[in-house]
Amino acid sequence: MSTHAPHPTSPSATDSAAAPLVEMRGITKIYPNGVLANHEVTFAVRAGEIHALVGENGAGKSTLMKILYGMERPSAGQIFLRGKPTTIHSPHEAITQGIGMVHQNFMLVPSFTIAENIVLGTEPSRGAFVDRRAAIAAAAQLAQQYGLSVDPEARVDVVPVGMRQRVEILKALYRGADVLILDEPTAVLTPQETHELFTAIQRLIQVGKTVIFISHKLHEVMEISDRISVMRDARLVGTLDKHEANERLLAKMMVGREVFLNIEKTPAQRGPLVLKVRNLEYATETGVEVLKGVSLSVYAGEILGIAGVEGNGQTELVEVIAGLRTPLSGVIELNGKSIAGLTPRQVRQAGVAHIPEDRLTNGVALTASIQENLIVDRYTREPFTRGGLMRPAAIARNSEALIEAYAIRAPDGSLPVGALSGGNMQKVVVARELSSQPKLLIAAQPTRGVDIGATEFMHEQLVRARNAGVAILLVSADLSEVMSLSDRLAVMHAGRIVALFPSTEGLTEEEVGLYMLGTKTMSQSEIESHW
Amino acid sequence: MEQALQAIFSATFVAAVLRVTTPILLPALGGLIAELGGVANIALEGIMLISACAGVLVSIATQSEWLGLLAGLAAGIITALVLAFFHLDLKADIILSAIAINILASGGTIFVVFLLTGDKGSTSALVSRQMPFIEIPIIKDIPLLGPILSGQNLLTYIAFIAVAGVAIFLYRMRAGIHLRAVGENPDAARSVGINVRSQQYLALALSGALAALGGVYLSMGYVKFFARDMTAGRGFIALAAIFLGGKTPLGTMIAALVFGLAEALSVQLGNLRVPNQLVQMIPYIATLIALVVYALVQRQRAIAHQRRFRQAPTP
């Protein structure tokens, strides 16, 4: 499985597990609202290893790491560092004890330079003044030492995501971290950037650092780690050496049952053209060009996937088609009729369903009930309204049927949606959108923040809708997801479609990654030949 | 008309611009610090009023302008700290708390003045002190420049020196850099051990101090008494100057000068036979126009883009 040669084991790693570098013993965490996040978790990390911590959302791995990093206090249990009991009450205390953390949402100040961010809080100073030259020199020296290339004088908000992540790692190293906690570091990276990150992690290990790697991408976990700990339902269900583990076993440990990681799907039965987009242009109110002439076609009974690093116009493309943003120019046709410039409601009535990428703000109304969320696009129509009055019985019947059909785990439909887990919340959205009998379904990041079980369910639903003849436009930052689900695959970069593959057969993530980075571009005629 | 033009293109007019810019610039610099610290302070108006009042009353009682200045400063800082306590410790909404302070300041100052002097309008019947006006040797004898740069009130000099001071504080000093980090990404600041709460206390205290200087200038420099609601919206115009100035010290100063120019103009025209009510509207209309222009400039690029796209031939 691994493409890396095993690194030379450091002496401490060959020691028995008796004196681990970090040991969390019997950690229990109960939040004030009664949620049990960790239950008697014992977790040990040896010096010089890459230790992966995997588990579904809500399994408790973030809580465990927040406790280690001093952001949360355990209700019970003890932390040992280098064999000695210790307490960590704040991130600052964690840092002084040599523990650094790279958060998923970067903790950077956007308008500050990279050097300023690296030294923030512990700046080299002359009196009350910051010694900027010393800060830049320190950042450059550190970057050089660990092979993490950054431009110390560039502002953080203009550099790519991969570099921002390196800044975060350097920030931790600048503060003398020996143990680095990386929270889902590859979620925002292209395959190439992921590869670079892994090389950098290997280098950190060689100079004696220890890395805790939180992830749910099992193939990455198998590639990079020495040992893997799996969490489920607030408990640590096991720690495996890499050679004992495989993806299937890990998935089973995470979910607690057999999981089908591969998406079963028959070849697409492509029907007539449903969505036709030509030369779509869009700029934000402040004048930033986001879509620079996007053209694509989606046919009935197929899934057209759009891959790309986030922020290359995918969000805007989806929202323009869904009627949430007004394009500057271009053609958007549904079954031959223009839907450009229509209101979202008119677009929906024309037969477009939309699973928005930001579920919490655009997908559901958190304080409204499941029943209400399931009818927000149709409450003005029969049978939910008659004579201007809502009909509670019909609304309740509708929600009961959908809760059952989409296996939404909720006691009843009157519960506010905000009380549901991410996966069940997404099921509410999917149930509403698919039950509207759409001709076109736009699914943006449909499985983001959703656990493996629910992901499996979403994938099944998408394939089922496709087989029923719905045209599906799928946008996902998860490259393996978009590659395995799509019948045809487009790649977006800098507001343009830079590649369109008529099939995903034989396509590798690395190949797609080159287009995502913009290093490769298909000719316009080749793209058009696949329209 | 000729008379008016003559008045405007004179050194005394430019000197007047600096004079009326001072009570806008000082609170604007304070508001800028608070804004960049992530604690927008819209209580500048109220703080100015309280400081203007406290300064005059103490200077009447002690017959010392310096004790008056000190009292004004203390009153401003304490008021700002009260706002900070409500917002940062009691978790009250900062806008609502600031509105409460503004209303309290308007009624409270005149109440105190009435209690102490028996006058509900102003303290002009009593002898209060003024901050010194400073003649700068050599410069004062330069033609044209002399009358502009020399002979201004001490607080006017302080206001313009404070522009550089605030810039150095915000961009070169540890405390200022930490303060901006807190304002931009409090989680990032917290994660490197910066105390967000104390930085925001500092930001509000500094904004209170600068607004206080603006208030003291009004009652102990610009004029020599405290009058009901004498700030006349300058604390709010200062807020407009911050945003118009792109949230930088230099930009804020330029914006404050633009507003100062408008106000000086209204003073000049007031001497002519133009209806008084019309003339007094000038500073406020200038603020409105400036904000509209600002919004239009912001959108200009977008409009240019759209035009370009529309003209592009669609194949």
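For clarity, every value in this text was computed on a predicted model and none was experimentally measured.

## Thoughts on the sheet that holds strand E6 (residues 99-102) of chain A
Residues and elements named next belong to chain A.
In step 1: Across the sheet, 6 strands lie side by side as E6-E9-E10-E3-E11-E12; this open sheet has mixed pairing. In this open sheet, the two edge strands, each paired with only one partner strand, are E6 and strand E12 (235-241). The mean inter-strand angle of the sheet, taken between neighbouring strand axes irrespective of direction, is 20 degrees.
In step 2: Taken together, the 5 bridges between strand E9 (residues 179-183) and strand E10 (residues 210-215) define a ladder with parallel strand orientation. Residue pairing in the sheet places Val-179 in a bridge with Thr-210 of E10.
In step 3: Packing of helix H9 (residues 247-255) onto the sheet brings it into contact with strand E3 (50-55), strand E11 (227-232) and E12, and relative to E11 it is tilted by some 30 degrees.

## Quick word on the UniProt feature "transmembrane region" (unreviewed entry) in chain B
Residue and element names in this part refer to chain B.
In step 1: Those residues carrying the UniProt feature "transmembrane region" (unreviewed entry) are residues 7-26, 38-60, 67-88, 94-116, 154-171, 201-223, 235-261 and 281-297 in this numbering.
In step 2: In residues 201-223, the share of helix is 96% and the share of strand is 0%. The end C-alpha atoms are 32 Å apart.
In step 3: Helix makes up 94% of residues 281-297 and strand 0%, and the two end C-alpha atoms of the span are 24 Å apart.

## Considerations on the interface of chain B and chain A
The parts lose accessible area when they come together, and the size of an interface is often stated as this lost area.
In step 1: Counting residues at the interface gives 24 residues for chain B and 31 residues for chain A.
In step 2: Counting across the interface, chain B meets chain A through 1 salt bridge.
In step 3: Counting across the interface, chain B meets chain A through 7 residue pairs in polar contact (both at pLDDT 80 or more).
In step 4: Per-element tally for the side of chain B that touches chain A: the top contributor is helix H14 (residues 282-311) of chain B, with 7 residues.
In step 5: Residues of the side of chain B that touches chain A, tallied by class, amount to 10 nonpolar, 6 polar and 8 charged.

## Brief notes about the nonpolar core
In step 1: Within the largest apolar cluster, 79 residues are counted, with the highest numbers of intra-cluster contacts made by A:Leu296 and A:Val512.
In step 2: Among the elements that take part in this core, helix H15 (residues 422-434) of chain A stands out by supplying 6 residues, more than any other.
In step 3: When residues of this core are sorted by domain, at least three fall in each of domain 3 (269-351 + 438-531) and domain 4 (361-437) of chain A.
In step 4: Contact partners of A:Leu296, with chain neighbours within four places excluded, come to A:Leu275, A:Lys276, A:Val277, A:Arg278, A:Leu304, A:Ile306, A:Leu317, A:Leu473 and A:Ile497.
In step 5: B:Leu88, B:Met131, B:Ala159 and B:Leu218 belong to the second-largest nonpolar core, a separate cluster that totals 69 residues.

## Let's talk about the pairing of E12(A)
Residues and elements named next belong to chain A.
In step 1: Where E11 and E12 come together, 6 bridges link them in antiparallel fashion. When the bridges of E12 are listed, Val-230 appears paired with Gly-238.
In step 2: Remark: 2 residues form the turn of the hairpin made by E11 and E12, two consecutive strands paired antiparallel; Asp-233 in that turn has positive phi of roughly 50 degrees.

## Some remarks on the domain arrangement of chain A
Residues and elements named next belong to chain A.
In step 1: Here chain A is described as being made up of domain 1 (1-98 + 178-261), domain 2 (104-169), domain 3 (269-351 + 438-531) and domain 4 (361-437).
In step 2: Computed over C-alpha atoms, the centres of domain 1 and domain 2 are 26 Å apart.
In step 3: Facing 16 residues of domain 1, the contacting portion of domain 2 comprises 10 residues.
In step 4: For the pairing of domain 1 and domain 2, the buried interface totals around 1100 Å² over both sides, and the portion due to carbon and sulfur atoms is 62%.
In step 5: Counting across the domain 1 and domain 2 interface gives 4 residue pairs in polar contact (both at pLDDT 80 or more).
In step 6: Listed by contribution, the elements that provide at least two residues to the side of domain 1 that touches domain 2 are E9 and helix H7 (191-206).
In step 7: In terms of residues, the side of domain 1 that touches domain 2 owes the most to one element, H7, which gives 6 residues.
In step 8: When its residues are assigned to classes, the side of domain 1 that touches domain 2 shows 10 nonpolar, no polar and 6 charged.

What counts and how
- Residues numbered from 1 in each chain as written.
- Chains lettered and ligands numbered in written order.
- Predicted model: local features only at pLDDT ≥ 70, side-chain atom pairs only at ≥ 80, totals over all residues.
- Heavy atoms only, no water.
- Pairing = 2+ DSSP bridges.
- Helix = DSSP H or I, 4+ residues; strand = E, 2+ residues; numbered from the N terminus.
- Axes fitted to C-alpha atoms, helices over the stretch in contact; angles between N-to-C directions.
- Contact = heavy atoms within 4.5 Å.
- UniProt positions renumbered as here; feature names shortened; annotations may be inferred.
- Salt bridge = Lys/Arg side-chain N within 4 Å of Asp/Glu carboxyl O.
- Polar contact = N/O pair within 3.5 Å; in protein donor to acceptor, adjacent residues only side chain to side chain.
- Nonpolar A, V, L, I, M, F, W, Y, C, P; charged D, E, K, R; others polar.
- Core = buried A, V, L, I, M, F, W, Y, C linked by side-chain atoms within 4.5 Å.
- Buried < 20%, exposed > 50% of the residue type's maximum accessible area, 1.4 Å probe, protein only.
- Domains from an automatic or database assignment.
- Buried area = accessible area lost by both parts, 1.4 Å probe.

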